[in-house]
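Descriptive structure summary
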2 protein chains.
Amino acid sequence: MPDAKPYYAVIFTSERTEIDDGYDAAAERMVELAAEQPGFLGVESVRQDGTGITVSYWESEEAIRNWKRHVKHLEAQRLGRERWYRRFRVRVARVEREYSLEVPSK
Amino acid sequence: MPDAKPYYAVIFTSERTEIDDGYDAAAERMVELAAEQPGFLGVESVRQDGTGITVSYWESEEAIRNWKRHVKHLEAQRLGRERWYRRFRVRVARVEREYSLEVPSK
């Protein structure tokens, strides 16, 4: 999409603690809730051996700020800091260009 | 790092075929080779059930272009298209801001 409208990616990389305590259900709920927010474009998430990368896509920085401040998301963020994550990093990045390949036959 | 120099993230999301055929060794070699390139800042990579997210970080778009054109990388890209990936998407994004948490005690 060379001339598409610019959009934003939130790159969330994390390392989990050993504490489960509702993590999976909360993570799933947050994805569902994020998808309902204005300006949400999509999300991709992978976890392997306690290391996770989640990238969510948004129409604008304002949409990202609003989601960050959502009351249910704030509660999940608090539990994340207190229980679920050993460390994490959040990067907000503007997507400048992209390309893709799809091979339906493979 | 609110006032740090801006840098770039390459978000590579992919779905693998069933074909192994040297994939793991090639992927490992590409990470090693990328790390030797000028302007390389780091890489994070996670794969789960055939879905992968790799994010590499670079000082500039020029560094990204140079790595994209590296002769050994071009060969790996060809094999990726022909054998290893059912689909993939590459997004080049400028990191606007970031924050992180580290809990050494957990």
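Before reading on, note that the structure itself is shown above.
Quick notes on the rules
Residues numbered from 1 in each chain as written. Chains lettered and ligands numbered in written order. Predicted model: local features only at pLDDT ≥ 70, side-chain atom pairs only at ≥ 80, totals over all residues. Heavy atoms only, no water. Pairing = 2+ DSSP bridges. Helix = DSSP H or I, 4+ residues; strand = E, 2+ residues; numbered from the N terminus. Axes fitted to C-alpha atoms, helices over the stretch in contact; angles between N-to-C directions. Contact = heavy atoms within 4.5 Å. Buried area = accessible area lost by both parts, 1.4 Å probe. Salt bridge = Lys/Arg side-chain N within 4 Å of Asp/Glu carboxyl O. Polar contact = N/O pair within 3.5 Å; in protein donor to acceptor, adjacent residues only side chain to side chain. Nonpolar A, V, L, I, M, F, W, Y, C, P; charged D, E, K, R; others polar.

Quick look at the sheet that holds strand β1 (residues 7-16) of chain B now. Spatially, β2(A)-β3(A)-β1(A)-β4(A)-β4(B)-β1(B)-β3(B)-β2(B) is the arrangement adopted by the eight strands of the open sheet, whose pairing is antiparallel. Strand pairing shows two members of the sheet lacking a second neighbour, β2 (40-48) of chain A together with β2 (40-48) of chain B, which therefore form its edges. Taking each pair of neighbouring strands and ignoring which way they run, the sheet shows an average axis angle of 25°. Here strand β1 (residues 7-16) of chain A pairs with strand β4 (residues 85-102) of chain A via 10 bridges, running antiparallel. For S14(A), the partnering residue across the bridge sits in β4(A) and is F88(A). Relative to β4(A), helix α3 (residues 71-84) of chain A is tilted by about 120°, and along the sheet it contacts β1 and β4 of chain A together with β4 (85-102) of chain B. Together, β1, β2, β3 (51-58) and β4 of chain B form the strand contacts of helix α1 (residues 23-35) of chain B, whose direction differs from that of β2(B) by roughly 160°.

It is worth spelling out the interface of chain A and chain B at this point. Contact residues are listed per partner, giving 44 residues for chain A and 45 residues for chain B. Summing the contributions of chain A and of chain B, the shared interface buries around 4,000 Å²; its carbon and sulfur component is 52%. Residues E61(A) and R97(B) are paired through a salt bridge, measuring 3.2 Å at the closest nitrogen-oxygen approach. Across the chain A-chain B interface, the total number found is 25 residue pairs in polar contact (both at pLDDT 80 or more). Those elements giving two or more residues to the side of chain A that touches chain B turn out to be β1, β2, β3 (51-58), α2 (61-68), α3 and β4 of chain A. Top element by residues in the side of chain A that touches chain B is β4(A). It accounts for 18 residues. Residues of the side of chain A that touches chain B, tallied by class, amount to 19 nonpolar, seven polar and 18 charged.

The analysis is restricted to geometry; functional conclusions fall outside its scope.
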